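So the chains spell out like this:
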Protein chains: 2
Amino acid sequence: MRFVWDFARSPPEASEHLGVRGQTMSGLASAGLPVPTGFTISDLACRRFLGSGELPAAAWEEILDAVRRLRAAAGDRPLLLAVRSSPPVPMPGILGSALYLGTNPETLAELADWATLPFATVVHTDFLSGLAALRQVPRHRVEGVLTDPDALHALIVEESQRVIPEDAPGQLREGIEAVLASWDSTGARRWRRRHDIADELGTALIVHTMVFGSCGDRSGSGTAFSRHPETGDPGPVVVFAPGAEAPLGVNLGDITELEATSPEVARSLLDIVARLDDEHGDMMRVDFVSERGELWVLEVRPGERSARAGVRIAVDLVGTGRIDRHQALLRVDADGLDTMLHDRILPGHPSPLIVGGPASPGAAAGEIVFDAPSAVEAGRAGRAVIMVLRETTPEDLAGVFAAAGVLTAHGGGTSHAALVARGTGTPAVTGTDIIVDVGRGQVRIGSRRLAAGDLITIDGTTGAVYLGSLPLEPAVTSEALETLLGWADQVRRLQVWANADRPEDAALARARGAEGIGLARTEYMFSGDRLEVVRQIILTDDERERADALGRLEDLQIGDFERLLEPMDGLSVVVRLLDPPLHEFLPDRREVEQALRSAIDNGEPVTRLERLAAAVEQFEESNPMLGLRGVRLAVVIPGIYRVQVLAALEAVRRRLDQGGDPRLELMIPLVGSVEELHLIRDMIDEEVHYAGRQLEVTVGTMIELPRAALVAGELALQSDFFSFGTNDLTQTTLGISRDDAEEAFLRTYLEQGIMRRDPFVTIDGDGVGRLIEMAITEGRRVNPELVVGVCGEHGGDPTSIDFFHRAGIDYVSCSPPRIPVARLAAAQAALRHPAPGR
Amino acid sequence: MRFVWDFARSPPEASEHLGVRGQTMSGLASAGLPVPTGFTISDLACRRFLGSGELPAAAWEEILDAVRRLRAAAGDRPLLLAVRSSPPVPMPGILGSALYLGTNPETLAELADWATLPFATVVHTDFLSGLAALRQVPRHRVEGVLTDPDALHALIVEESQRVIPEDAPGQLREGIEAVLASWDSTGARRWRRRHDIADELGTALIVHTMVFGSCGDRSGSGTAFSRHPETGDPGPVVVFAPGAEAPLGVNLGDITELEATSPEVARSLLDIVARLDDEHGDMMRVDFVSERGELWVLEVRPGERSARAGVRIAVDLVGTGRIDRHQALLRVDADGLDTMLHDRILPGHPSPLIVGGPASPGAAAGEIVFDAPSAVEAGRAGRAVIMVLRETTPEDLAGVFAAAGVLTAHGGGTSHAALVARGTGTPAVTGTDIIVDVGRGQVRIGSRRLAAGDLITIDGTTGAVYLGSLPLEPAVTSEALETLLGWADQVRRLQVWANADRPEDAALARARGAEGIGLARTEYMFSGDRLEVVRQIILTDDERERADALGRLEDLQIGDFERLLEPMDGLSVVVRLLDPPLHEFLPDRREVEQALRSAIDNGEPVTRLERLAAAVEQFEESNPMLGLRGVRLAVVIPGIYRVQVLAALEAVRRRLDQGGDPRLELMIPLVGSVEELHLIRDMIDEEVHYAGRQLEVTVGTMIELPRAALVAGELALQSDFFSFGTNDLTQTTLGISRDDAEEAFLRTYLEQGIMRRDPFVTIDGDGVGRLIEMAITEGRRVNPELVVGVCGEHGGDPTSIDFFHRAGIDYVSCSPPRIPVARLAAAQAALRHPAPGR
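A. Geometry of the overall build of chain A. Helix and strand counts for chain A stand at 33 helices and 30 strands. Taken along its principal axes, the extent of the C-alpha atoms in chain A is 105 × 65 × 55 Å. In chain A, which comprises 838 residues, the proportion classed as buried is 57%. Considering only residue pairs separated by 6 or more positions, chain A has 69% of its internal contacts joining residues 24 or more positions apart. For chain A, the accessible surface area stands at approximately 33,700 Å², while carbon and sulfur atoms represent 49% of it. Separation of charge centres in chain A, based on 82 positive and 123 negative side chains, amounts to 2 Å.

Okay, structure coming up:
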C-alpha cells in the first residue's frame, strides 16, 4: 500500500485512508476547483508512527518525491508548505498543524522579492511562533519576543534544546512528526474517549503549498456560505478580510469589497459556492484566499448554521426536490431547536456578573423582586421582574408563575425552581453563588450589591447573570418549523405529551402539539393561601379537625382539576397524586426557631410556634429524597390522597355534565411494591364506585425506584399504565442526589471523562436504561395492554428519545417548550430505527 | 368424602384434612392416651362454608351423629362441648374457639349436682362471656356484668339482637359457624398474608367433651415439659395449678403438689411425657387437666424453649442416637442464638422509662457519661458507663469503644452508633425520644431528668431504657454450642467472615470462628486526635499544606493496618477505602455558627472559624446518602485514597519482614461505573509497582448501588472480588433512607403488612435479591474466578443467609457477635439446599 497520494490523483480505493481533509481536497482537486497543490499522507503512516515512534522510511521517500512534484509545479513562486491533520472524523481544534515549512534565509529573501520585506518578516515570525507551539515553549515567554524573529529563534532553541533545521525537508519532517504525535496527546485521547473513537485509528495528514492572503494588493481571505447561516435565506453570503492571512471569526459582511477589488475572484467564488450547494444538497461553507487576485479554495464543508437557519434550509431543500422529507428531518439538530424557541441575548453584550446553573433555557430581563407578592403585583402591572430567591418553596410558586425569570442561590437542574420554571418556559438560573439577604432586601451578585428594583438580565441557557437590562432577540416560530414538525408527526411512532400543572400550561402544551398531559403535578394545589390548611392537616392530632381541613382542601381542588381538564378535552390528563415530602409544606426550621426565640423574648404566646417547631423537627429528614414522600404519604396520612381522588372525580363528573370529554388518569408516585398499589387502587375503586355513575378512570404507577422496575411484572397486573420518572430513577439507580452532586462531583466526573454525559440530561442506557427495558418487557408480558410513558426530564432530550423509541415506550412527556424538540427527535428515532420494540 | 372423623377412628387418608389439632388428637387417641372424647370436622366443611356462607347439610348430619356418640360415651357425666380451630399450620391465638357449649338450665343443674353450685355458676358466666366475644359485644360493656349471668345474658341479646339458643345443637352450630368465620377475619387474613398461607385452605375444627380442672378436690390443670425449657437439662418439669381451669402462663414449679394429691395422675403424666419425648425425639410439652384425680391430656406439641435449652436438647438427642447431626442442626433456631450470646436483664424487672430503637443486642448497666473523654477515663478505671449522646460522630468513637452501652437520641439501625456498637458487641439503643442537654450535663429520659453519674440500664435487644442498675444474667457459652457449631462447620458451604475494624475486634472475630475479615472500615483511622489533620486536608487550598497533612495521615495509618493484619495472619483482610461523606469530619453546623457568633461578639479573631463555616456550608448536602462519599471522594480529593493505599502496602511489607502472612484485599466503596474502578485500580497498581517488590494485593469493589449490579459484567473484568453492601443497596433499590424511615413510615408499613419483613433485617429477595443474582451471574460469566461476598448487616441474618447460599455467594461477613448465628444458619441453608448456585 502506498503512503502518499497527490490531491489530484487519489484513486477511490485510497479514500478510506485519507481522512476528512484529504478526501475533501482530492474531491475538490478532481472537480477542478482551485485548491493549492498538495498531497495526502495516509493514516497508515500514522499507525506505524504510533507503534514504532518513527515515520516509516518508505513513507518518507514517497513524501520527498511528492515534495519534488510540488516544487516543479510551483515554478518560480516561493514554495512554503503546510501540514494539517486529516482525522477519520472532524476533530475541530484538537490536533496540531505546522505552517510555513521551508522558511529559511533563502526563501525569506525570495518572499521579500516576490512581495515585500514586511510580508517576509511576518511570515518568518509566524513560522517561528508556530514552531514554538509545536515544541511546547511556554506561551508567556513567546509573547515577549513575538515581533523579534532572532530573539524568538534563540528562545526556541534554548527551551527545546534543539536547533531549528534550516532545510525544508528537515522542517517538514519535524512538522509531520509533531502533527502525528498530537494524535496521542492527553487532550486528543480525552476527546476521543468522549466521542467513542478508537485510539488505534490514527490520523492522515495533508501537505500543501501555502497560499498568502496578506501579500499585498487584491489579497485577503474570507469565508463564503451558500445560504445565510443565521436565517437560512437562499443565496450566498461572503465575509472577506482584505490583507488578512486567514478568516478571523465570521462576522457576516457582503461581497462588495471583494467584487470591487477582484471581480473575477468574486465571480468564481459565487460560481463555486452555488455549484457546491447544488452538488451536496446542503448549505456549504468555503474558506478561501485571494492571492493577488487569484482564488484559492482552502477548505469546503457543510456550513455551521443557527437552528432557525437549519430548519429553513432543510425545508427549502425539500421544496426544490434536492432532498426528501426524511433526509430533511434527519438534517436538523433537534436539541438545537430549543435555542430558537426562546428569547436570547443579542450578540455583543458585556461580561456576566456571575455564572450559575442553567436551569431553564431562554433569556429574561427585569427588575429584581425578592418575594412572591411583589412579583405578582408587578406581573399584574405588566412590569417584567426577575424573582431572586435563596431557594423556591411552595409559598413562592405564584411568584415564579408571574415572573419573567428566576434566579436562585441553591438547587440544581432538578430543583423545585428548575422544574417549575421549565414547565412554564420561564428562564431560570439556579445554584448560583449569590448571597440573598431578604431582611435587608439586597442581593450580592459577583462584586455588586443590588436592591429590589435594580435591573438584571439572566440567561437560563448558559447560566449567566448580567447587570442591567440587555436587549433580547425574541423567540422565533417560523413557517418552516411548522412544516418540518408536520412531517415529523407523520413519521414518528412515539407520542409526545407534556408535563403541565396549570390550565395555562396545558393550553400552551396543546398549542405546541402535545397529545396529552403525561404529568400534572398537584403540588401547586397545596400552595399559596392553602398552605395554612395543609399545615393544619399535618399538625393536628384531632381527627375531626383534620377531617374538616381535608374537606376544605377537597372543595378547593375540584375547581383546579376542572380547569386543568377543560383545555385538554378529549386527551389524557395524567394527574400525579401528591409527591413531595411533608416538610416542604412547613416553614424553614431556622425561621421557626427564630420566631420562637423572639416570641419568648417578647413574652408572646408560644404554643402554636412550639407545635410548629416540633412538627418541623419531626418531619426533618437526613435524606428527604429517600424519605416520607409519594405513596408513603398515603399510608401514613390516608386522607390526603383520598381528597385528591374525590376532588378529581368530582371534576370529571362536572366536565361530563358540561358535555366535555375528560380523560382523567391517576398516577401514584414512588411505588416500590404491589402492596402499596393495592392499597391505593382499592381506595380509588371504592371512591369511583361511590361516585354513583361508572366513571372511567385509569390508574397507573410511576416507575422511579429500582425496585419498582425489578417487580414490574407484579405491578403491571395492577396498573393501566407505567410512567417512568427518570429523574428519580436516575438518582436512586446511580445513588446520586442531583442537587448536591452537580457542584460536588458531577462536574469533575464529566470533565475527567469518568462519565461521558450528564445522566440527568441523557438517559444512562447501561444502568437506568436497562431497568427501563426490563420493566417494559416484564410489564407487557403480564399485561399486553399496558401503556408505557416517560415523564422525567429525559422525555425532552433527543438522545434519550432515541433510546425510548427503541425500548418500545408509547409516549414521552416533556415540558411544553421542549415539545417541538421531542416531536422532531421522535421522528428522527423512527427513521433511524424503523421497526423497534412494540 | 366424609366431613367428620372421631379422634379414635381417623384413617390415615383423612389426616391431610384434619389440621394440626385434629391430627394430634387422633394420634394421641390411637396411642391410647387419655384425651377427651371428640371428633374432627374436616377442612372441607370450612371451604364449603366460606363459599356459600352455610355449613353443608351433610356435614351437620354427621356432626349430630357424632355428638350422639359423645353423649353415649359420657354416660351420666354432664356433657358440655368445646369447639376449637385446627388450621393446617399452627396459628397461635389468631382463630376463635367456643367453649361450654350445651350450657342451659338443665345442664347447669346437672353440673351443680355433679360438683358444686359455685362451679356451675362459673361455667355459666364463662360460657356467656365466651359467647359475648364471639358475637363481638364491646368488651367494656361485658366487663361491667361479668359476675351476673342474667345481666350478661340480657346484654348479649340486646347487643347482638339475637336470642341465645337453649339447646345444645343450636349452641354447637353457632359455635362451629363462628369459629369457621374467624378464618375470614381481618386479623387472620393479615396474619396469613404475612406467613404466606393461602386464604383458600380454610381450617378444620375439633369438637370434644369438656373436662374440668376447677371442679373440686384433686382437680387442677398444668403443663409438663419432657426436658427443662430454660436450660435443656434432661428430665421432666411440671407446672400444676390446683383448682384452675386452664394453665395460666408457665412458671416453672415441680410436681410435688400433684404427687401429693393425685399420685396416680402424676405417675401417668410422667410416663406419658417420657414416652412422647422418646417417640418424637424432641422435648415435648403436654397441657393436661386433672379432673377429680383423673388425667386428661388436652394438647401435645413440641415444647417452647430458650435458645440455650434448644442447643443442649439437640446435642443431647444426637448423643442418645435419637436424631442425627443434620437433624440437630435444623432443630435449633439460628436467630435465637443471639439471645444466649449477650447479657440479658433478669426477669421481674420494673417498667422501662422509655423504649427506643433496638440497635445492638444485649443489656448493659452503668453510670451516665456525656462525652468520649469521660467514657475513656471511666473505662480505664474499670467503671461501667453508658454513653448518652444526641448522635455519634467520629469524635465519639473512642468513647463508644470504652463504654458498656450506648444510648442516643437520633439515628436508627444503620446509624453510625448502631454500626459501631454492633461491630464491638456493645449494647446500644438509638433513635430514642430523649433530650440531651450537653451544656448542662443532663438528659431527660421519659419523665426523669438525669445527670452524669446517675445509673441506668439499657436493653439493646428490645430498645428499653431503665432507671438504676438492674441485675443482669451474663451471656452463656456452652460446650453444647461449641459441639453444634463444629457440626455446622462440617456441613456449610458458605464461609463466615467478620466485619471488624480494630485489632481487638479482629481477635474476637477469629476466636468466634471468623475465616477472614470481610469489611474493615477505615473511618476510625480518621477520628480522635487525627480529626484536626483530616480537617486540614479538607479545608486548605494550599497544595503543599494538603500534601503535608496527607503525609502525616499516612504515617499514622501504617501502624493501624499493621496491627489489624497481625491477628488475622493467614486470613483475608478486606480493607474498605474511606467511605463517609466529608461533612462527617467537620463539626456540626450549628456549633460552628454559634462559635462564630460569640467570637464576633467578643471581638475575637474569626478567620479560621469563617473558613470552617464556609466548608461546613460547602459540604452540607440535602441527601448525603446519595452525595459526595465513597469512591467519589477519591475523584475529588485523590490524595485521600492514595495515602490509604500507601499505608496499607507499607504495613504489608512490614508484616512480611516480620515473617507474617498478611492477606490484604482493598475494597472500593460506592462504585457505579467501570471508569471509577479503572481510576482507582490504576492508582493502586502504580503504588504496588512502586512499592518495589511484588506485593500481592487483590482489589475488589462493593456492589451497593443498583447501577453497579446492572453493569456487574463490566465491573467483574476489573475486580478480584465483589462484596455486596446490602445496607446501602437496600436503601437505594427501595428508595428508603433507613434512619429517617424507621419512625416515619417503615413501622406503619410492617404493622399494616404492606411489607412482610423489615428489608434492612432480612434481604428483600424480589428487589435487592434479584439485583444480587443478576450481578453474580454476569460477574462470574466474564470472570469465573470472581469471589463474591456480602458485608452488609444481612450477612448475620439467617433468612438472608439462606438466600445468599442459594444465590451462590462465597462468604457472608457479619459483626463478630453474630458469627455463631451465621455459622449455624449457613449449615441449615446447606442442608435445605444441598446443591445450589456455585
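Still more to cover.
B. Looking closely at the sheet that holds strand 24 (residues 517-520) of chain A. All names here are of chain A. Pairing in this closed barrel of eight strands is parallel, and the strands run 23-24-25-26-27-28-29-30 around the ring. The mean inter-strand angle of the sheet, taken between neighbouring strand axes irrespective of direction, is 30 degrees. Relative to strand 30 (residues 811-814), strand 29 (residues 787-790) is paired through two bridges, and the arrangement is parallel. By the bridge assignment, glycine 789 is partnered in strand 30 with tyrosine 811.

C. Representation of the interface of chain A and chain B within the structure. With 50 residues of chain A at the interface, the matching set in chain B holds 50 residues. Of all residues in chain A, A:Leu626, A:Arg707 and A:Ile754 give up the largest surface area on contact with chain B, accounting jointly for 15% of the area buried on that side. Our count for the chain A to chain B interface comes out at four salt bridges. Residue A:Arg770 is joined to B:Glu778 by a salt bridge in which the shortest nitrogen-to-oxygen separation is 2.4 Å. At the surface where chain A touches chain B, the tally comes to 20 residue pairs in polar contact (both at pLDDT 80 or more). Looking at the side of chain A that touches chain B, the elements with two or more residues in it are helix 22 (589-601), helix 24 (631-636), helix 26 (674-690), helix 27 (706-710), helix 29 (726-734), helix 30 (738-751) and helix 31 (765-782) of chain A. Along the lines of polarity and charge, the residues of the side of chain A that touches chain B split into 20 nonpolar, 14 polar and 16 charged.

D. Geometry of helix 4 (residues 105-114) of chain B. All names here are of chain B. By the burial criterion, the buried members of helix 4 are Thr107, Leu108 and Leu111. An end-on view of helix 4 places all buried positions within 105 degrees of arc, on one side of the element. The outward face of helix 4, more than 90 degrees from its buried face, is lined by the exposed residues Pro105, Glu106 and Asp113. Along its buried surface, helix 4 packs onto helix 5 (117-134).

E. Fine view of the packing of helix 12 (residues 307-319) of chain B against helix 18 (residues 479-491) of chain B. Residues and elements named next belong to chain B. Running from amino to carboxyl end, helix 12 crosses helix 18 at an angle of 70 degrees, the nearest separation of the two axes being 9 Å. Here helix 12 is positioned roughly perpendicular relative to helix 18, judged by the angle of their axes. Note that helix 12 runs across helix 18; the crossing there is left-handed. Across the interface between the two elements, Val311, Arg312, Val315 and Val318 of helix 12 pack against Ala480, Leu481, Thr483, Leu484 and Trp487 of helix 18.

F. View of the relation of the copies chain A and chain B. With an RMSD of 0.4 Å, the fit of chain A onto chain B corresponds to turning through 179 degrees and sliding 0.2 Å along the axis. On the angle and the small slide along the axis, the relation comes out as a two-fold axis. Take the interface residues of chain A: 100% of them recur as interface residues in chain B, which is what a same-surface contact looks like.

G. Up close: the nonpolar core. Of all hydrophobic cores here, the largest spans 299 residues; its most connected members are A:Phe724 and B:Phe724. Not counting chain neighbours up to four residues away, the residues in contact with A:Phe724 comprise A:Ile703, A:Leu729, A:Ile772, A:Ala775, A:Ile776, A:Val788, A:Gly789, A:Val790, A:Cys791, A:Gly792 and A:Ile809.

H. Region of interest: the domain arrangement of chain A. Looking at chain A, the domain boundaries give domain 1 (4-209), domain 2 (220-305), domain 3 (342-473) and domain 4 (492-521 + 567-580 + 628-729 + 764-832). The gap between the C-alpha centroids of domain 1 of chain A and domain 3 of chain A is 49 Å.

I. Molecular detail of helix 32 (residues 798-807) of chain A. Residues and elements named next belong to chain A. Buried residues dominate helix 32, accounting for eight of its ten residues. Residues of helix 32 that are buried: Pro798, Ser800, Ile801, Asp802, Phe803, Phe804, His805 and Ala807. Looking at the buried side of helix 32, the elements it contacts are helix 14 (334-340), helix 29, helix 31, strand 29, strand 30 and helix 33 (819-832). At the C-terminal side of helix 32, glycine 808 shows a positive phi close to 90 degrees.

Analysis parameters
- Residues numbered from 1 in each chain as written.
- Chains lettered and ligands numbered in written order.
- Predicted model: local features only at pLDDT ≥ 70, side-chain atom pairs only at ≥ 80, totals over all residues.
- Heavy atoms only, no water.
- Helix = DSSP H or I, 4+ residues; strand = E, 2+ residues; numbered from the N terminus.
- Buried < 20%, exposed > 50% of the residue type's maximum accessible area, 1.4 Å probe, protein only.
- Contact = heavy atoms within 4.5 Å.
- Areas by Shrake-Rupley, 256 points an atom, 1.4 Å probe, with all protein chains shown as cover.
- Lys, Arg positive; Asp, Glu negative; His and termini not counted.
- Charge placed at Lys NZ, Arg CZ, Asp CG, Glu CD.
- Pairing = 2+ DSSP bridges.
- Axes fitted to C-alpha atoms, helices over the stretch in contact; angles between N-to-C directions.
- Buried area = accessible area lost by both parts, 1.4 Å probe.
- Salt bridge = Lys/Arg side-chain N within 4 Å of Asp/Glu carboxyl O.
- Polar contact = N/O pair within 3.5 Å; in protein donor to acceptor, adjacent residues only side chain to side chain.
- Nonpolar A, V, L, I, M, F, W, Y, C, P; charged D, E, K, R; others polar.
- Arc of directions from axis to C-beta.
- Parallel < 35°, antiparallel > 145°, perpendicular 65-115°, else oblique.
- Left-handed = near helix turned anticlockwise from the far one by under 90°.
- Least-squares fit on C-alpha atoms with pLDDT ≥ 70 in both.
- Core = buried A, V, L, I, M, F, W, Y, C linked by side-chain atoms within 4.5 Å.
- Domains from an automatic or database assignment.

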